[in-house]
Each structure stands twice: as structure tokens, then as C-alpha cells.
Amino acid sequence: ATGLALGVVAAGSIYGSIQRVRHREVLWIPAILLGLCGVVVAPIGRILTTQVSPTFLLVSFSLLSVAIAARMLWQSIRQPEQSVVVRVAHGTHEAEPLLCRFSETQKFDWRFRCIAGLTVGGVLAGLLSGFFGVGGGFLIVPFFNQLNSVSMRNAVATSLVIIAAISSSGFVAHILTQTIEWQQLTMLSLGSIGGMLLGSVVARWIAGVHLQRIFAITIVVMAALMIVK
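Presented here is a report on the structure given in the accompanying data block. Please read these numbers as outputs of a predicted model, since none were measured by experiment. (Residues numbered from 1 in each chain as written. Predicted model: local features only at pLDDT ≥ 70, side-chain atom pairs only at ≥ 80, totals over all residues. Heavy atoms only, no water.)

1. Digging into the overall build of the protein
Where we set the bar: Helical segments are the DSSP runs of H or I of at least four residues, strand segments are the runs of E of at least two, and each set is numbered from the N terminus. For every residue, the accessible area (1.4 Å probe, protein chains only) is compared with the maximum for its type, and the residue is labelled buried under 20%, exposed over 50%, or partly exposed between those bounds. Whether two residues touch is decided by their heavy atoms; if any such pair falls within 4.5 Å, the residues are in contact. Surface accessibility in these figures is a Shrake-Rupley result with a 1.4 Å probe; residues are shielded only by whichever protein chains are displayed.
On a plain count of helices and strands, the protein comes out with 8 helices and 2 strands. Beginning at the N terminus, the succession of helices and strands in the protein can be written as α-α-α-β-β-α-α-α-α-α. For the protein, buried positions account for 47% of its 229 residues. Within the protein, contacts between residues at least 6 apart in sequence are counted, and of these 80% link residues at least 24 apart. Of the roughly 12000 Å² of accessible surface on the protein, a fraction of 71% belongs to carbon and sulfur atoms.

2. Some remarks on the environment of Val220
The residue Val220 is located in helix α8 (residues 208-228) in this model. Distance from Val220 to Ser65, taken between C-alpha atoms, is 6.9 Å for residues 155 residues apart in sequence.

3. Quick look at the packing of aromatic side chains
We apply this condition: Put simply, two rings from Phe, Tyr or Trp (the six-membered ring, in Trp's case) pair if the centres are within 6.5 Å, and we call them stacked under 30 degrees between planes, edge-to-face over 60, tilted for the rest.
In this structure the tally under the stated criterion is 1 aromatic pair. With a centroid separation of 6.2 Å and 85° between ring planes, the pair formed by Phe171 and Trp182 is classed as edge-to-face. Highlighted residues: Phe171 in helix α6 (residues 152-175) and Trp182 in helix α7 (residues 182-203), separated in sequence by 11 residues. Here Phe171 falls in the buried class, since its relative accessible area comes to 11%.

4. Focus: a nonpolar patch on the surface
The line we're drawing: A patch is a set of surface residues, each over 30% in relative accessible area and not in a salt bridge, joined within 9 Å for like charges and within 5 Å for the nonpolar side chains Val, Leu, Ile, Met, Phe, Trp and Tyr. Salt bridge, as applied in this entry: a Lys or Arg side-chain nitrogen positioned within 4 Å of an Asp or Glu carboxyl oxygen.
There is a patch of nonpolar side chains on the surface, built from Val21, Trp28, Ile32 and Leu36 and spanning about 390 Å² of accessible area. Mapped onto the elements, Ile32 comes out in helix α2 (residues 28-49).

5. Points about the nonpolar core
In a soluble, globular protein the nonpolar side chains are often hidden away together inside. Just so we agree on the cut-off: Joining through side-chain atoms within 4.5 Å is the link that ties buried Ala, Val, Leu, Ile, Met, Phe, Trp, Tyr and Cys residues into a set, and such a set is a nonpolar core.
Judged by nonpolar contacts, the single largest core of 24 residues is most densely connected at Leu118, Phe132, Ile140, Phe144 and Ile162. Elements with a contribution of two residues or more to this core: α2, α3 (54-78), α4 (112-132), α5 (137-147) and α6. Looking at this core element by element, the count peaks at 7 residues for α4. Among residues more than four places away in sequence, those in contact with Ile162 are Pro30, Ala31, Leu34, Gly35, Ile140 and Phe144. If you look at the next biggest cluster of nonpolar residues, it comprises 6 residues, including Leu4, Phe171, Ile180 and Leu185.

6. Topic: the environment of Ile163
Inspection of the secondary structure puts Ile163 in helix α6. C-alpha of Ile163 to C-alpha of Val9: the two residues are 154 residues apart in sequence and 7.7 Å apart in space.

7. Quick look at α2
Going by this rule: The span one expects for a helix is its residue count, reduced by one, times 1.5 Å. To obtain the bend at a residue, axes are fitted to the seven residues ending there and to the seven starting there, and the angle between these axes is taken.
In a regular helix each residue adds 1.5 Å, so 22 residues correspond to 32 Å; α2 covers 30 Å between its end C-alpha atoms and thus fits that length. Taking the largest bend as the criterion, α2 deviates by roughly 35°, centred on Val41, and proline Pro43 comes between one and four positions later. Listed as buried for α2 are Pro30, Ala31, Leu33, Leu34, Gly35, Cys37, Gly38, Val41, Ala42, Gly45, Arg46 and Thr49.

8. What to know about unusual backbone geometry
Unusually for a residue other than glycine, Arg24 sits at a positive phi of about 55°. Its location among the elements puts Arg24 in the loop between α1 (2-22) and α2. A residue is classified by how much of its surface remains accessible, and Arg24, at 77% relative accessible area, is exposed.

Written out as C-alpha cells, the structure reads:
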């Protein structure tokens, strides 16, 4: 299931990346740094998956998802002013950046703390993506939200490029070692692309804290369904 999921996520995120690149929403320096680190580490996570039980994978993934979602939800409720940057389309307000800084012309400003943070984030995203068979968006989007003052649209667009690279790397590692149900992969991938289309349209009408809360609540619901099953 985790190997198949990586293939589905790769297909959907590649399609979504193409659309976001066309709209110039991708922050390329963070995308390249996190993507390269993730691509290198994802196969390692894929190998580690074979060393643990399916129950451990399911429970640990659910708990990690809930922890990340709870942090985002808490921020949107208790510190909504920090979620103002999580906005739709053409918002103008920006909060004070944390580790990464952008100039007045929106050019990326190189700083050691920022580069180090992006590198660590890429390693974690790649390891967890390969290990759990997910794209890593549940980790990368809130990571961007904490790392700097980028909008939710930029965070999602940039994460799609990173997810496409990481998922593809993990999927290649999977098909080199195990068989894959190609028909099932094709049907799920078509559904993923369709969902990407629908999500892109809906996201344009939802801004700010509401988008962050929807993202967090969705993660919690999915984690709860997996635990119940």
C-alpha cells in the first residue's frame, strides 16, 4: 500500500506542479534544497519500512499526523495573527519572517540558518515520505508556515514540486524491489489528478485561517479513520 501510494502521490503532484509553475507560485530555491535532500533520503525511508510491522507504521503515522495538525489548529485559534500569511491569491499583509527572509522584491535572501533549516526539513520530509508512503505535504506545508512568511498558495505550490521529486524517488525504489498493480495505480492516479483540479479551484475561494483549519482538520479525520479501521 505504501509503495502504491507513493506512485499515486507522484502522479498527482507532478500534474499539480505543472499547473503551479505556470502560475509562477513556486519558490524555487526552497523547492530545490528540500527536494534534493528528500530525493536522496526517501529510498532509505523506503528500506526502513520493511524492518517494522504494519501496525507500527499505521499507528506512528496517525500520531505524527495528529500532532502536526493539532499544532496548526492551535495556531489558527490562539494565534490567528500568525496565520494571516496563510492566505489566498493576492493578499498584501506579511508577518515577520522566522528563519528565511525575502527581500522587498520577493527575492530569496540567503542566510545560513535558513539554508540549514531547509536542509533539515528536506531530510525529514524525505525520510518520512519514504517510510510512510506519503508525499510529505502534511509535513512540508506547516514546515513552510513556520519557517517563513510565505502564503499558503506559495507553500502548497512549492510543496507540490518537492513532493513530486520525493515521491518519484521513493516509488522508483519500490518498483525496483517489489511488484506493482499498474491498473490500480492508473485508476488511483487519475482520481488524484481529478482531485488536484477540483482542489485548485476550491482553494481560490478560501483564504487565511479558514484554509489552515480545513487542512488541519482533514489530517485529523484521515488519521482517525485509519486508527478505527
